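One letter stands for each residue in the lines below.
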Amino acid sequence: MSRSGSKRGKESEVARLRMSRRVRELPPYLFAEIDRKIAEMRSRGVDVIDFGIGDPDLPTPPHIVERLCREAGEPENHRYPSYQGMPLFREAAASWFSRRFGVPLDPDREVLALIGSKEGIAHLPMAFLDDGDLALVPDPAYPVYRAATLLCGGVPAEVPLREESGYLPDLSAIPEETWRRAKLFFLNYPNNPTAAVADPAFFEEAVHYARKYGVVLAHDLAYSEIAYDGYKAPSILEIPGAKELAVEFHSLSKTYNMTGWRIGFAAGGEEIIGAFGKVKTNIDSGVFNAVQLAAVTALEGPQDCVRDNCEVYRHRRDILVEGLLSIGWDVPLPRATLYVWMRVPEGYDSEGFTRDLLEKAEVVVAPGSAYGSQGEGYVRFSLTLPDRRLEEGVERIKRAFSRHSRLP
Ligand SMILES: *Cc1c(COP(=O)(O)O)cnc(C)c1O
(Lines give C-alpha, C1' and ligand atoms only; values in the text may rest on other atoms or scores of the structure.)
Protein backbone atom coordinates (compact mmCIF):
# COMPACT_ATOMS: atom_id res chain seq x y z
CA MET A 1 0.00 0.00 0.00
CA SER A 2 1.16 3.47 -0.83
CA ARG A 3 2.02 5.76 2.07
CA SER A 4 2.12 8.82 -0.21
CA GLY A 5 -1.02 10.35 1.27
CA SER A 6 -3.32 9.26 -1.52
CA LYS A 7 -6.91 8.56 -0.57
CA ARG A 8 -6.41 4.81 -0.94
CA GLY A 9 -3.39 4.86 1.32
CA LYS A 10 -5.22 6.70 4.10
CA GLU A 11 -8.11 4.29 3.94
CA SER A 12 -5.80 1.35 4.35
CA GLU A 13 -4.50 2.83 7.59
CA VAL A 14 -7.94 2.63 9.15
CA ALA A 15 -8.69 -0.95 8.18
CA ARG A 16 -11.50 -2.37 10.27
CA LEU A 17 -10.94 -5.12 12.78
CA ARG A 18 -12.11 -8.43 11.41
CA MET A 19 -13.41 -10.84 14.01
CA SER A 20 -13.16 -14.55 13.36
CA ARG A 21 -16.10 -16.28 11.77
CA ARG A 22 -16.42 -18.29 14.98
CA VAL A 23 -16.86 -15.22 17.11
CA ARG A 24 -19.20 -13.61 14.60
CA GLU A 25 -21.34 -16.71 14.55
CA LEU A 26 -21.76 -16.83 18.33
CA PRO A 27 -25.24 -15.67 19.28
CA PRO A 28 -25.44 -12.33 21.10
CA TYR A 29 -25.73 -12.39 24.86
CA LEU A 30 -29.40 -13.14 25.32
CA PHE A 31 -29.98 -11.32 28.58
CA ALA A 32 -28.60 -8.05 27.20
CA GLU A 33 -32.05 -6.59 26.50
CA ILE A 34 -33.43 -7.58 29.92
CA ASP A 35 -30.27 -6.38 31.69
CA ARG A 36 -30.66 -2.96 30.05
CA LYS A 37 -34.26 -2.80 31.19
CA ILE A 38 -33.37 -3.80 34.78
CA ALA A 39 -30.60 -1.20 34.91
CA GLU A 40 -33.00 1.44 33.59
CA MET A 41 -35.66 0.57 36.20
CA ARG A 42 -33.15 0.47 39.04
CA SER A 43 -31.79 3.87 38.00
CA ARG A 44 -35.34 5.18 38.46
CA GLY A 45 -35.25 3.77 42.00
CA VAL A 46 -37.44 0.74 41.27
CA ASP A 47 -36.69 -2.18 43.61
CA VAL A 48 -36.43 -5.02 41.12
CA ILE A 49 -36.48 -8.60 42.47
CA ASP A 50 -34.27 -10.88 40.41
CA PHE A 51 -35.31 -14.51 39.89
CA GLY A 52 -33.17 -14.55 36.77
CA ILE A 53 -29.70 -15.55 37.90
CA GLY A 54 -28.55 -19.00 38.97
CA ASP A 55 -25.85 -18.00 41.42
CA PRO A 56 -26.29 -19.18 45.04
CA ASP A 57 -26.88 -16.28 47.44
CA LEU A 58 -25.67 -18.25 50.47
CA PRO A 59 -22.03 -18.07 51.58
CA THR A 60 -19.43 -20.84 51.32
CA PRO A 61 -19.40 -22.83 54.61
CA PRO A 62 -16.82 -21.34 57.03
CA HIS A 63 -14.69 -24.49 57.43
CA ILE A 64 -13.94 -24.35 53.69
CA VAL A 65 -13.10 -20.63 53.79
CA GLU A 66 -10.80 -21.21 56.79
CA ARG A 67 -8.85 -23.88 54.92
CA LEU A 68 -8.38 -21.51 51.97
CA CYS A 69 -7.09 -18.75 54.25
CA ARG A 70 -4.62 -21.10 55.90
CA GLU A 71 -3.36 -22.54 52.62
CA ALA A 72 -3.15 -19.14 50.95
CA GLY A 73 -0.43 -18.23 53.45
CA GLU A 74 1.76 -21.21 52.56
CA PRO A 75 4.52 -20.25 50.07
CA GLU A 76 4.58 -23.74 48.54
CA ASN A 77 1.05 -23.08 47.30
CA HIS A 78 2.08 -19.93 45.46
CA ARG A 79 3.77 -21.63 42.54
CA TYR A 80 2.22 -23.08 39.37
CA PRO A 81 -0.11 -25.92 40.26
CA SER A 82 0.17 -29.27 38.47
CA TYR A 83 -1.84 -29.55 35.26
CA GLN A 84 -4.10 -32.45 36.24
CA GLY A 85 -4.69 -31.17 39.74
CA MET A 86 -2.91 -31.95 43.02
CA PRO A 87 -2.85 -35.66 43.90
CA LEU A 88 -4.63 -34.77 47.17
CA PHE A 89 -7.47 -33.11 45.29
CA ARG A 90 -7.82 -35.91 42.73
CA GLU A 91 -7.82 -38.51 45.52
CA ALA A 92 -10.48 -36.60 47.43
CA ALA A 93 -12.59 -36.30 44.27
CA ALA A 94 -12.22 -40.01 43.50
CA SER A 95 -13.14 -41.10 47.00
CA TRP A 96 -16.11 -38.70 47.15
CA PHE A 97 -17.23 -40.14 43.81
CA SER A 98 -16.97 -43.71 44.98
CA ARG A 99 -18.82 -42.96 48.26
CA ARG A 100 -21.54 -41.12 46.40
CA PHE A 101 -22.05 -43.31 43.30
CA GLY A 102 -20.37 -46.59 44.19
CA VAL A 103 -18.05 -46.25 41.19
CA PRO A 104 -14.28 -46.42 41.74
CA LEU A 105 -12.08 -43.91 39.85
CA ASP A 106 -8.32 -44.02 39.45
CA PRO A 107 -7.29 -40.59 40.75
CA ASP A 108 -4.20 -40.59 38.51
CA ARG A 109 -5.85 -41.42 35.22
CA GLU A 110 -9.58 -40.89 35.55
CA VAL A 111 -9.86 -37.51 37.29
CA LEU A 112 -8.89 -34.08 36.01
CA ALA A 113 -9.16 -30.83 38.00
CA LEU A 114 -11.10 -28.06 36.25
CA ILE A 115 -11.22 -24.29 36.73
CA GLY A 116 -14.93 -24.72 37.32
CA SER A 117 -16.89 -27.16 35.21
CA LYS A 118 -17.77 -24.45 32.66
CA GLU A 119 -14.09 -24.21 31.76
CA GLY A 120 -13.96 -27.97 31.23
CA ILE A 121 -17.15 -28.06 29.18
CA ALA A 122 -15.88 -25.22 27.00
CA HIS A 123 -12.55 -26.94 26.27
CA LEU A 124 -13.72 -30.55 25.88
CA PRO A 125 -14.82 -30.19 22.22
CA MET A 126 -11.22 -29.40 21.22
CA ALA A 127 -10.32 -32.95 22.16
CA PHE A 128 -13.02 -34.56 20.03
CA LEU A 129 -14.21 -32.24 17.25
CA ASP A 130 -12.45 -31.36 14.03
CA ASP A 131 -13.71 -28.62 11.70
CA GLY A 132 -17.26 -29.37 10.65
CA ASP A 133 -17.77 -32.26 13.07
CA LEU A 134 -21.16 -32.62 14.66
CA ALA A 135 -21.96 -32.30 18.36
CA LEU A 136 -25.44 -33.18 19.60
CA VAL A 137 -26.65 -30.34 21.80
CA PRO A 138 -29.92 -30.40 23.73
CA ASP A 139 -32.44 -27.60 23.20
CA PRO A 140 -33.16 -25.92 25.59
CA ALA A 141 -29.77 -26.07 27.32
CA TYR A 142 -27.04 -24.33 29.26
CA PRO A 143 -25.64 -22.16 26.42
CA VAL A 144 -22.01 -23.27 26.84
CA TYR A 145 -22.46 -26.62 25.01
CA ARG A 146 -23.45 -24.91 21.79
CA ALA A 147 -21.01 -22.00 22.10
CA ALA A 148 -18.07 -24.31 22.84
CA THR A 149 -18.93 -26.43 19.80
CA LEU A 150 -19.01 -23.34 17.56
CA LEU A 151 -15.80 -21.92 19.04
CA CYS A 152 -13.82 -24.97 18.07
CA GLY A 153 -15.23 -25.13 14.54
CA GLY A 154 -17.79 -27.85 15.21
CA VAL A 155 -21.41 -27.89 14.14
CA PRO A 156 -24.10 -28.11 16.82
CA ALA A 157 -27.05 -30.38 16.00
CA GLU A 158 -29.97 -29.49 18.25
CA VAL A 159 -31.81 -32.31 19.96
CA PRO A 160 -35.20 -31.16 21.28
CA LEU A 161 -36.12 -31.69 24.93
CA ARG A 162 -39.90 -31.80 25.12
CA GLU A 163 -42.14 -31.51 28.12
CA GLU A 164 -44.16 -34.57 27.11
CA SER A 165 -40.99 -36.70 27.18
CA GLY A 166 -39.92 -35.37 30.58
CA TYR A 167 -37.32 -33.20 28.82
CA LEU A 168 -35.28 -36.29 27.90
CA PRO A 169 -34.11 -36.45 24.28
CA ASP A 170 -35.80 -39.10 22.14
CA LEU A 171 -32.66 -40.98 21.12
CA SER A 172 -34.48 -43.21 18.65
CA ALA A 173 -35.78 -40.12 16.81
CA ILE A 174 -32.27 -38.87 16.01
CA PRO A 175 -31.62 -39.83 12.36
CA GLU A 176 -29.10 -42.61 11.76
CA GLU A 177 -27.04 -40.25 9.57
CA THR A 178 -26.83 -37.72 12.42
CA TRP A 179 -25.74 -40.40 14.87
CA ARG A 180 -23.04 -41.51 12.46
CA ARG A 181 -21.68 -38.01 11.97
CA ALA A 182 -21.83 -37.03 15.65
CA LYS A 183 -18.68 -37.11 17.76
CA LEU A 184 -20.00 -35.65 21.01
CA PHE A 185 -23.33 -35.57 22.83
CA PHE A 186 -23.94 -33.16 25.70
CA LEU A 187 -26.30 -34.27 28.45
CA ASN A 188 -27.24 -32.55 31.71
CA TYR A 189 -29.42 -34.16 34.41
CA PRO A 190 -30.58 -32.78 36.80
CA ASN A 191 -31.17 -30.25 34.04
CA ASN A 192 -30.70 -26.54 33.75
CA PRO A 193 -33.04 -24.87 32.76
CA THR A 194 -35.91 -27.42 32.87
CA ALA A 195 -35.12 -28.97 36.30
CA ALA A 196 -35.80 -32.39 34.74
CA VAL A 197 -34.08 -35.50 36.08
CA ALA A 198 -32.99 -38.70 34.32
CA ASP A 199 -33.03 -42.23 35.67
CA PRO A 200 -30.32 -44.84 35.05
CA ALA A 201 -32.45 -46.47 32.32
CA PHE A 202 -32.09 -43.32 30.20
CA PHE A 203 -28.32 -43.28 30.69
CA GLU A 204 -28.20 -46.96 29.78
CA GLU A 205 -29.95 -46.22 26.50
CA ALA A 206 -27.60 -43.27 25.84
CA VAL A 207 -24.57 -45.48 26.48
CA HIS A 208 -25.98 -48.09 24.10
CA TYR A 209 -26.30 -45.54 21.27
CA ALA A 210 -22.94 -43.94 22.06
CA ARG A 211 -21.21 -47.30 21.82
CA LYS A 212 -22.99 -48.21 18.60
CA TYR A 213 -22.01 -44.95 16.87
CA GLY A 214 -18.74 -44.06 18.56
CA VAL A 215 -20.04 -40.89 20.22
CA VAL A 216 -18.51 -39.41 23.39
CA LEU A 217 -21.14 -38.59 26.03
CA ALA A 218 -20.38 -35.44 27.99
CA HIS A 219 -22.60 -35.44 31.05
CA ASP A 220 -22.86 -32.24 33.08
CA LEU A 221 -23.72 -33.18 36.68
CA ALA A 222 -23.36 -29.72 38.25
CA TYR A 223 -26.59 -30.23 40.26
CA SER A 224 -25.87 -33.72 41.57
CA GLU A 225 -26.35 -32.68 45.21
CA ILE A 226 -29.12 -30.11 44.84
CA ALA A 227 -32.11 -32.43 45.19
CA TYR A 228 -35.33 -32.66 47.19
CA ASP A 229 -37.77 -35.09 48.74
CA GLY A 230 -35.20 -37.90 48.91
CA TYR A 231 -34.24 -37.81 45.23
CA LYS A 232 -30.63 -38.85 44.52
CA ALA A 233 -29.25 -38.07 41.08
CA PRO A 234 -27.37 -40.93 39.40
CA SER A 235 -24.02 -40.67 37.60
CA ILE A 236 -23.77 -41.83 33.99
CA LEU A 237 -20.60 -43.68 35.03
CA GLU A 238 -22.78 -46.07 37.07
CA ILE A 239 -23.72 -47.73 33.76
CA PRO A 240 -21.39 -50.67 33.10
CA GLY A 241 -18.85 -49.84 30.40
CA ALA A 242 -19.75 -46.12 30.41
CA LYS A 243 -16.27 -45.00 31.41
CA GLU A 244 -14.85 -45.81 27.98
CA LEU A 245 -17.20 -43.41 26.23
CA ALA A 246 -18.46 -40.92 28.80
CA VAL A 247 -16.95 -38.01 30.65
CA GLU A 248 -18.78 -36.42 33.54
CA PHE A 249 -18.45 -32.85 34.76
CA HIS A 250 -18.63 -32.21 38.48
CA SER A 251 -18.62 -28.86 40.17
CA LEU A 252 -18.28 -27.63 43.73
CA SER A 253 -20.06 -24.40 42.73
CA LYS A 254 -23.65 -25.26 43.60
CA THR A 255 -23.01 -28.01 46.15
CA TYR A 256 -20.89 -25.87 48.49
CA ASN A 257 -21.85 -22.34 47.33
CA MET A 258 -18.46 -21.90 45.69
CA THR A 259 -19.32 -20.37 42.31
CA GLY A 260 -16.66 -17.68 42.65
CA TRP A 261 -13.87 -20.09 43.57
CA ARG A 262 -13.65 -21.80 40.19
CA ILE A 263 -13.13 -25.46 40.91
CA GLY A 264 -14.63 -28.68 39.61
CA PHE A 265 -13.43 -31.91 38.08
CA ALA A 266 -13.96 -34.22 35.14
CA ALA A 267 -14.34 -37.97 35.65
CA GLY A 268 -14.09 -40.61 32.95
CA GLY A 269 -12.01 -43.31 31.36
CA GLU A 270 -8.26 -42.96 30.90
CA GLU A 271 -8.45 -42.38 27.14
CA ILE A 272 -10.96 -39.53 27.30
CA ILE A 273 -9.36 -37.88 30.34
CA GLY A 274 -5.95 -38.24 28.67
CA ALA A 275 -7.05 -36.47 25.48
CA PHE A 276 -8.87 -33.80 27.46
CA GLY A 277 -5.82 -33.26 29.69
CA LYS A 278 -3.64 -32.84 26.60
CA VAL A 279 -5.85 -29.95 25.45
CA LYS A 280 -5.83 -28.34 28.87
CA THR A 281 -2.05 -28.50 29.37
CA ASN A 282 -1.83 -26.26 26.30
CA ILE A 283 -4.36 -23.74 27.54
CA ASP A 284 -4.31 -23.27 31.29
CA SER A 285 -2.00 -23.96 34.19
CA GLY A 286 -4.36 -25.47 36.70
CA VAL A 287 -6.22 -24.32 39.79
CA PHE A 288 -4.59 -22.37 42.67
CA ASN A 289 -3.39 -25.03 45.14
CA ALA A 290 -5.04 -23.28 48.08
CA VAL A 291 -8.40 -23.53 46.30
CA GLN A 292 -7.79 -27.22 45.57
CA LEU A 293 -6.98 -27.88 49.24
CA ALA A 294 -10.08 -26.00 50.37
CA ALA A 295 -12.01 -28.20 47.92
CA VAL A 296 -10.50 -31.27 49.63
CA THR A 297 -11.95 -29.95 52.90
CA ALA A 298 -15.31 -29.46 51.17
CA LEU A 299 -15.40 -33.00 49.75
CA GLU A 300 -14.04 -34.74 52.86
CA GLY A 301 -15.42 -32.55 55.64
CA PRO A 302 -18.87 -32.64 57.24
CA GLN A 303 -21.67 -32.70 54.67
CA ASP A 304 -24.49 -31.23 56.79
CA CYS A 305 -23.90 -27.93 54.99
CA VAL A 306 -25.12 -29.60 51.80
CA ARG A 307 -28.24 -30.94 53.52
CA ASP A 308 -28.93 -27.53 55.10
CA ASN A 309 -28.56 -25.86 51.72
CA CYS A 310 -31.04 -28.19 50.08
CA GLU A 311 -33.46 -27.55 52.92
CA VAL A 312 -33.23 -23.79 52.28
CA TYR A 313 -33.89 -24.28 48.56
CA ARG A 314 -36.71 -26.76 49.22
CA HIS A 315 -38.46 -24.22 51.43
CA ARG A 316 -38.10 -21.55 48.74
CA ARG A 317 -39.27 -23.95 46.05
CA ASP A 318 -42.42 -24.69 48.02
CA ILE A 319 -43.22 -21.00 48.61
CA LEU A 320 -42.67 -20.15 44.93
CA VAL A 321 -44.56 -23.12 43.50
CA GLU A 322 -47.50 -22.70 45.90
CA GLY A 323 -47.70 -18.99 45.06
CA LEU A 324 -47.68 -19.59 41.31
CA LEU A 325 -50.20 -22.43 41.58
CA SER A 326 -52.52 -20.18 43.56
CA ILE A 327 -52.72 -17.84 40.55
CA GLY A 328 -53.85 -20.80 38.48
CA TRP A 329 -50.60 -21.26 36.58
CA ASP A 330 -49.31 -24.67 35.58
CA VAL A 331 -46.10 -25.27 37.59
CA PRO A 332 -44.39 -28.61 38.14
CA LEU A 333 -42.63 -29.26 41.47
CA PRO A 334 -38.94 -29.81 40.66
CA ARG A 335 -37.10 -32.70 42.33
CA ALA A 336 -33.66 -31.14 41.80
CA THR A 337 -31.70 -28.03 40.72
CA LEU A 338 -32.13 -24.38 41.70
CA TYR A 339 -34.87 -23.76 39.16
CA VAL A 340 -38.58 -23.78 38.59
CA TRP A 341 -39.40 -24.10 34.88
CA MET A 342 -42.87 -22.96 34.01
CA ARG A 343 -45.01 -22.80 30.90
CA VAL A 344 -46.10 -19.20 30.32
CA PRO A 345 -49.82 -18.41 30.68
CA GLU A 346 -52.10 -18.65 27.64
CA GLY A 347 -51.58 -15.85 25.13
CA TYR A 348 -47.96 -15.05 26.04
CA ASP A 349 -44.58 -15.93 24.57
CA SER A 350 -41.44 -16.14 26.73
CA GLU A 351 -40.30 -12.59 26.12
CA GLY A 352 -43.72 -11.03 26.43
CA PHE A 353 -44.35 -12.74 29.75
CA THR A 354 -40.87 -11.81 31.00
CA ARG A 355 -41.55 -8.19 30.04
CA ASP A 356 -44.95 -8.19 31.74
CA LEU A 357 -43.54 -9.70 34.94
CA LEU A 358 -40.92 -6.97 34.98
CA GLU A 359 -43.31 -4.13 34.24
CA LYS A 360 -46.28 -5.24 36.36
CA ALA A 361 -44.56 -7.03 39.26
CA GLU A 362 -41.03 -5.61 39.03
CA VAL A 363 -39.76 -9.17 39.04
CA VAL A 364 -37.10 -10.61 36.72
CA VAL A 365 -37.17 -14.15 35.32
CA ALA A 366 -35.14 -15.80 32.56
CA PRO A 367 -37.11 -16.23 29.31
CA GLY A 368 -37.03 -19.86 28.20
CA SER A 369 -36.23 -18.82 24.64
CA ALA A 370 -32.78 -17.71 25.86
CA TYR A 371 -31.90 -21.41 26.24
CA GLY A 372 -32.88 -22.45 22.72
CA SER A 373 -35.86 -22.38 20.39
CA GLN A 374 -37.55 -25.24 22.29
CA GLY A 375 -37.49 -23.08 25.41
CA GLU A 376 -39.99 -20.75 23.74
CA GLY A 377 -43.21 -20.68 25.75
CA TYR A 378 -41.46 -21.17 29.11
CA VAL A 379 -39.70 -19.11 31.77
CA ARG A 380 -37.18 -20.08 34.43
CA PHE A 381 -37.31 -18.90 38.05
CA SER A 382 -34.15 -19.29 40.20
CA LEU A 383 -34.32 -20.09 43.89
CA THR A 384 -31.12 -18.15 44.58
CA LEU A 385 -32.49 -15.17 46.44
CA PRO A 386 -32.95 -14.70 50.18
CA ASP A 387 -36.26 -16.01 51.61
CA ARG A 388 -37.63 -12.53 52.33
CA ARG A 389 -36.97 -11.33 48.78
CA LEU A 390 -38.40 -14.50 47.32
CA GLU A 391 -41.55 -14.17 49.43
CA GLU A 392 -41.89 -10.51 48.47
CA GLY A 393 -41.45 -11.44 44.79
CA VAL A 394 -44.15 -14.10 45.01
CA GLU A 395 -46.53 -11.63 46.69
CA ARG A 396 -45.94 -9.08 43.93
CA ILE A 397 -46.61 -11.64 41.22
CA LYS A 398 -49.81 -12.72 42.96
CA ARG A 399 -50.94 -9.10 43.33
CA ALA A 400 -50.18 -8.23 39.71
CA PHE A 401 -51.48 -11.36 38.04
CA SER A 402 -54.31 -12.77 40.14
CA ARG A 403 -56.38 -9.82 38.94
CA HIS A 404 -55.20 -10.23 35.37
CA SER A 405 -55.93 -13.95 35.22
CA ARG A 406 -59.51 -13.41 36.42
CA LEU A 407 -60.31 -11.19 33.43
CA PRO A 408 -62.67 -12.89 30.98
C1 LIG B 1 -23.86 -23.64 37.23
C2 LIG B 1 -23.67 -24.64 36.12
C3 LIG B 1 -22.42 -25.18 35.88
C4 LIG B 1 -21.29 -24.96 36.84
O5 LIG B 1 -20.38 -24.13 36.48
P6 LIG B 1 -19.00 -23.95 37.25
O7 LIG B 1 -18.15 -23.52 36.12
O8 LIG B 1 -18.57 -25.26 37.82
O9 LIG B 1 -19.23 -22.90 38.26
C10 LIG B 1 -22.29 -26.15 34.91
N11 LIG B 1 -23.36 -26.55 34.20
C12 LIG B 1 -24.59 -26.06 34.42
C13 LIG B 1 -25.73 -26.58 33.65
C14 LIG B 1 -24.77 -25.06 35.38
O15 LIG B 1 -25.98 -24.56 35.57
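Look above for the structure.
The rules behind the values
Residues numbered from 1 in each chain as written. Predicted model: local features only at pLDDT ≥ 70, side-chain atom pairs only at ≥ 80, totals over all residues. Heavy atoms only, no water. Salt bridge = Lys/Arg side-chain N within 4 Å of Asp/Glu carboxyl O. Helix = DSSP H or I, 4+ residues; strand = E, 2+ residues; numbered from the N terminus. Buried < 20%, exposed > 50% of the residue type's maximum accessible area, 1.4 Å probe, protein only. Patch = residues over 30% accessible without salt bridge, like charges linked within 9 Å, V, L, I, M, F, W, Y side chains within 5 Å. Areas by Shrake-Rupley, 256 points an atom, 1.4 Å probe, with all protein chains shown as cover. Near = heavy atom within 4 Å. Polar contact = N/O pair within 3.5 Å; in protein donor to acceptor, adjacent residues only side chain to side chain. Nonpolar A, V, L, I, M, F, W, Y, C, P; charged D, E, K, R; others polar. 1 Å grid on protein atoms, 1.4 Å probe; cavity = no way out; pocket = protein on both sides within 12 Å on 5 of 7 lines; lining within 4 Å. Points joined across faces, edges and corners; volume = space filled by probe spheres on them. Domains from an automatic or database assignment. Contact = heavy atoms within 4.5 Å. Axes fitted to C-alpha atoms, helices over the stretch in contact; angles between N-to-C directions. Parallel < 35°, antiparallel > 145°, perpendicular 65-115°, else oblique. Left-handed = near helix turned anticlockwise from the far one by under 90°. Pairing = 2+ DSSP bridges.

## Thoughts on the pattern of salt bridges
Inspection of every chain in the model, using the stated rule, returns 27 salt bridges. Here E225 makes a salt bridge to R100, at a shortest N to O gap of 2.9 Å. Taken together, the residues E225 in the loop between strand 6 (216-220) and strand 7 (246-251) and R100 in helix 5 (residues 87-101) connect sequence positions 125 residues apart. In this structure, K360 engages D356 in a salt bridge whose closest nitrogen and oxygen atoms are separated by 2.7 Å. Within this pair, K360 and its partner D356 are both found in helix 14 (residues 350-361), separated by four residues, close to a single helical turn. A relative accessible area of 16% places D356 in the buried class. Three or more residues joined by partner-sharing salt bridges are found here, namely D229, E311, R314, R317 and D318.

## Considering a nonpolar patch on the surface
A grouping of L17, M19, V23 and L151 is seen on the molecular surface, where their side chains present a nonpolar patch of about 410 Å² in accessible area. Tracing the backbone shows M19 in the loop between helix 1 (7-13) and helix 2 (21-25). Residue M19 is classed as partly exposed on the basis of its relative accessible area of 47%.

## Regarding the site of the ligand
Taken together, 14 residues lie around the ligand, and D220, Y223, S253, K254 and R262 are the ones closest in. Y223 places a side-chain nitrogen or oxygen 2.6 Å from an oxygen atom of the ligand. Here an oxygen atom of the ligand and a side-chain polar atom of S253 are 2.6 Å apart. Protein contacts shield 94% of the accessible area of the ligand, which totals 380 Å² for the unbound molecule. When the residues that make up the shell around the ligand are grouped by side-chain class, the tally is four nonpolar, six polar and four charged.

## Describing unusual backbone geometry
Put simply, Y189 and P190 share a cis peptide bond, and its omega is -5°. Along the chain, the position of P190 falls in the loop between strand 5 (182-187) and helix 10 (200-213). Each neighbour pair has its own omega, and for N192 with P193 the value is 15°, a cis peptide bond. Mapped onto the fold, P193 is located in the loop between strand 5 and helix 10. Notably, N257 is not glycine yet its phi reads approximately 55°, a positive angle. Note that N257 resides in the loop between strand 7 and strand 8 (264-268). Of note in the backbone geometry, R262 takes a positive phi value of approximately 65° without being a glycine. Summarising the element assignment, R262 is placed in the loop between strand 7 and strand 8. On the accessibility criterion, R262 (30% relative accessible area) is partly exposed.

## Describing the layout of surface pockets
Estimated volume of the second largest pocket: approximately 460 Å³. What lines the second largest pocket is a set of 18 residues, and nearest its centre among them are R100, E225, K232, V306 and R307. Looking at the lining of the second largest pocket, the elements that each hand over two or more residues are helix 5 and helix 13 (304-327). Of all the elements, helix 13 adds the most residues to the lining of the second largest pocket, at five residues. Looking at the lining of the second largest pocket residue by residue, the class counts come to seven nonpolar, three polar and eight charged. Taken domain by domain, the lining of the second largest pocket gets at least three of its residues from each of domain 1 (27-56 + 305-404) and domain 2 (62-300).

## A closer look at the environment of H219
Along the chain, the position of H219 falls in strand 6. Residue classification places H219 among the buried residues on the basis of a relative accessible area of 0%. Note: C-alpha distance between H219 and R399 (180 residues apart in sequence) is 41 Å. Apart from residues lying up to four places away in sequence, H219 is in contact with L187, N188, Y189, F203, P234, I236, V247, E248 and F249. Within polar-contact distance, the side chain of H219 engages the backbone oxygen of Y189 at 3.2 Å.

## Points about the packing of helix 5 against helix 12 (residues 289-300)
Running from N to C, helix 5 and helix 12 cross one another at 20°; their axes reach a closest spacing of 9 Å. Between helix 5 and helix 12, the crossing angle belongs to the class labelled roughly parallel. Where helix 5 crosses over helix 12, the handedness of that crossing is left-handed. Of the residues in helix 12, those touching helix 5 at L88, F89, A92, A93, S95, W96 and R99 are Q292, L293, A295, V296, L299 and E300. Taken together, the residues of the contact of helix 5 with helix 12 sort by class into nine nonpolar, two polar and two charged.

## So, the packing of helix 4 (residues 62-72) against helix 12
Two numbers describe a pair of packed helices, the interaxial angle and the distance between the axes. Following both chains from N to C, one finds helix 4 and helix 12 inclined at 150°, their axes separated by 8 Å at the closest point. Accordingly, the angle class assigned to the pair helix 4 and helix 12 is roughly antiparallel. The two elements helix 4 and helix 12 meet at a crossing, and its hand is right-handed. Facing H63, I64, R67, L68, E71 and A72 of helix 4, the residues of helix 12 in contact are A290, V291, L293, A294, T297 and A298. A breakdown of the residues in the contact of helix 4 with helix 12 according to their chemical character gives eight nonpolar, two polar and two charged.

## Side note on the pairing of strand 6
In terms of burial, strand 6 is a largely internal element, five of the five residues being buried. Where burial is concerned, the two faces of strand 6 agree: the one with V216, A218 and D220 and the one with L217 and H219 are both buried. Note that strand 5 and strand 6 share four bridges and pair parallel. Counted as the bridge partner of L187 is H219 from strand 6.

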